[in-house]
Amino acid sequence: MLKIQVVNKGHQPLPQYATPQSAGMDLRANLSESIVLKPLERRLIPTGLHIALPAGYEAQVRPRSGLALKKGITVLNSPGTVDADYRGEVGVLLINLSQEEFVVNDGERIAQMVIARHEQGEFVPVEVLDETERGEGGYGHTGVK
């Protein structure tokens, strides 16, 4: 298992996996008082967590499916990326896409974090790209059925 250094400046427990095969760990709001998200309002919610990932890894901050389905609450820049060299507090940019106010309470599970490997690429200028069956077919090019 990958070891991730963490400084918890908040008062919530550290994120953990709910089951042995979970991909994501729940992130909790670390608040001194509740926050009311009005319809279409967005707020950066603190977690109190500061992490140090190994080079070649990122942490992806993603919505919790239950909050999205039941309350219309999602992560605005989904997935949000925490880079390996970032040392600031991990924040969760929540948005309320419902028509009702939503209260974010201290300790509430507001998002999930997935640790993932990544590669860096280098663009190499060329005059022409190789041909493929798809070619330049873009959005919806394969039809609806």
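How each quantity is defined
Residues numbered from 1 in each chain as written. Predicted model: local features only at pLDDT ≥ 70, side-chain atom pairs only at ≥ 80, totals over all residues. Heavy atoms only, no water. Pairing = 2+ DSSP bridges. Helix = DSSP H or I, 4+ residues; strand = E, 2+ residues; numbered from the N terminus. Salt bridge = Lys/Arg side-chain N within 4 Å of Asp/Glu carboxyl O. Buried < 20%, exposed > 50% of the residue type's maximum accessible area, 1.4 Å probe, protein only. Axes fitted to C-alpha atoms, helices over the stretch in contact; angles between N-to-C directions. Polar contact = N/O pair within 3.5 Å; in protein donor to acceptor, adjacent residues only side chain to side chain. Contact = heavy atoms within 4.5 Å.

J.: Which residues make up the pairing of strand β10 (residues 109-117), and what are the values?
T.: Sheet analysis places strand β2 (residues 24-28) next to β10, joined by five bridges and oriented antiparallel. When the bridges of β10 are listed, R28 appears paired with R109. Examined bridge by bridge, strand β5 (residues 57-62) and β10 share six bridges and lie antiparallel to one another. What sits directly across from E58, in β10, is A116.

J.: Lay out the pattern of salt bridges with the relevant residues and their values.
T.: For the structure on display, the rule yields two salt bridges. Salt-bridge contacts for R64 lead to D26; the nearest nitrogen and oxygen are separated by 3.3 Å. Pair noted here: R64 is in the loop between β5 and α1 (65-71) and D26 is in strand β2, with a separation of 38 residues, a long-range link. On the basis of relative accessible area, R64 is assigned to the buried category, the value being 19%.

J.: Mind laying out the sheet that holds β2, listing which residues take part and the relevant values?
T.: The four strands lie next to each other as β2-β10-β5-β7, forming an open sheet whose pairing is antiparallel. Two strands close off the open sheet at either side, each with one partner strand: β2 and β7 (80-82). Adjacent strand axes in the sheet meet at a mean angle of 35° when their direction is disregarded.

J.: Summarise the side chain of R64; cite the residues concerned and give the values.
T.: Within the structure, R64 has its side chain in polar contact with the side chain of D26 (distance 3.3 Å). Residues contacting R64, with those up to four places away along its chain left out, are D26, R109, I110, A111 and Q112.

J.: Lay out the sheet that holds strand β4 (residues 42-52) with the relevant residues and their values.
T.: With antiparallel pairing, the four strands of this open sheet are ordered in space as β1-β4-β8-β6. In the strand order of this sheet, the two ends are held by β1 (5-8) and β6 (73-75), each with one partner. Direction aside, the axes of adjacent strands within the sheet are offset by 40° on average. As paired elements, β1 and β4 share four bridges and run antiparallel to each other. Bridge pairing links Q5 to A52 in β4.

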